[in-house]
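An overview of the molecular structure
Given next are the chains, with one letter for each unit.
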Amino acid sequence: MSAWPTRVDVREVGPRDGLQNEAPVPVDQRVRLIDALSETGLRFIEAASFVSPTAIPPMAGAGEVMARITRRPGVVYSALVPNSKGAELAMAAGVDEIELVVSASETHNQKNVHRTVAESLIGAHDVVEIGHAAGVPVEAIVSTAFGCPYEGDVASERVAQIAGHLIDAGADQLSFGDTTGMATPRRVADLLGALDRAGVTTDRIGLHFHNTRGTALANVVLALGRGVTRFDASIGGLGGCPYAPGASGNAVTEDLVHMLEDMEIDTGIDLDALIRCAALAQDIVSRELPSALLHAGARTRRYES
Ligand code: COA
Ligand code: ZN
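Calculation criteria
- Residues numbered from 1 in each chain as written.
- Chains lettered and ligands numbered in written order.
- Predicted model: local features only at pLDDT ≥ 70, side-chain atom pairs only at ≥ 80, totals over all residues.
- Heavy atoms only, no water.
- Pairing = 2+ DSSP bridges.
- Helix = DSSP H or I, 4+ residues; strand = E, 2+ residues; numbered from the N terminus.
- Axes fitted to C-alpha atoms, helices over the stretch in contact; angles between N-to-C directions.
- Contact = heavy atoms within 4.5 Å.
- Parallel < 35°, antiparallel > 145°, perpendicular 65-115°, else oblique.
- Nonpolar A, V, L, I, M, F, W, Y, C, P; charged D, E, K, R; others polar.
- Buried < 20%, exposed > 50% of the residue type's maximum accessible area, 1.4 Å probe, protein only.
- Right-handed = clockwise from strand over helix to strand, strands pointing away.

The next thing to look at is the sheet that holds strand E2 (residues 44-49). The eight strands are arranged E1-E2-E3-E4-E5-E6-E7-E8 in a closed barrel whose pairing can be described as parallel. Averaged over neighbouring strand pairs, the angle between their axes works out to 25° when direction is ignored. Pairing of strand E4 (residues 97-103) with strand E5 (residues 138-143) involves six bridges; the strand directions are parallel. Its bridge partner lying in E5, Val102 is registered against Val142. Contacting E4 and E5, helix H5 (residues 106-113) crosses the sheet at an angle of about 125° to E4.

The next thing to look at is the packing of helix H2 (residues 27-38) against helix H11 (residues 271-285). Where H2 contacts H11, the axes come no closer than 10 Å and their chain directions differ by 170°. Between H2 and H11, the angle falls in the class roughly antiparallel. Seen from H2, the contacting residues are Gln29, Arg32, Leu33, Ala36 and Leu37; seen from H11, they are Cys277, Leu280, Ala281 and Ile284. Of the residues in the contact of H2 with H11, the class split is seven nonpolar, one polar and one charged.

Let's shift gears to the pairing of E5. By the criterion of burial, E5 is predominantly enclosed, with six of the six residues buried. Between the parallel pair E5 and strand E6 (residues 173-177), the chain is carried across by helix H7 (residues 156-168), and the sense of this crossover is right-handed.

In structure tokens:
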């Protein structure tokens, strides 16, 4: 048990990765959700993305979302960008951290951002420059890192090589996205091994799992055992990727935090407040979300036996 870290950072991605895949939610509801999440002890919230509103209509109004949220001190409000235009818009909106997305597979990158991977890697230099000029850290997200819905397997060595290029471009952190829930503990171990051989240290690695095939928490446990301490999750299990057929929600934030809490891994997050946010998320999208905890209504440590 001592092999697990004692503290983990959970980044809430529901307001972006979740809501981008829902019917458009009005800005005031997005702001309401982010503000409620800010009160739970979460320290990292992906609040929006600065992308083409034609490509992703639900993320229109990102600047307005950023302007209207109540910034809680100590909370890092990040936004995803695909290119330097997005980075400039994000800086103008006062985003605390940029997440630049690049896919590991050519086909997904082409469909998602209309560029080759090489073009995205060249563009990464500009995005880093824009962020750093404003004193803002830049994380690079490598999506389809555990498999691609169009190409199938993606070699871990290729993912590690792309990660290396992004570090060379100046990225401060990396995150590896399991865009369509293809990751299993074996694939996670494989990628972490390749990253280690490529000299990418664990403190730079964040992981982003989708629960499409029910493996998200199993993947987290594997990664915890290898010392990874940053994980994305979405409230209620909101989420998907509009350019990844069959994608479903992320790891569920409250299910993840419940598991970590019971493993005596500190997240600094109030689970009851999180469950209330999951109920709010469900109201906002007017559909039942896949959260286990919201429906089970019980937390291990507080079972009344
Ligand atoms: N934010 C808002 N608008 C943007 C933009 C950005 N980051 N980047 C480009 N645009 C605008 C351009 O200014 C241009 O506007 P105009 O027609 O009024 O002049 C228009 O979009 C087309 O620009 P172009 O450079 O030709 O982009 P494109 O049409 O090839 O689209 C992306 C490329 C990257 C902008 C688009 O594919 C995109 O936003 N993808 C994001 C996908 C995503 O978020 N996926 C989910 C997360 S993984
Ligand atoms: Zn995702």
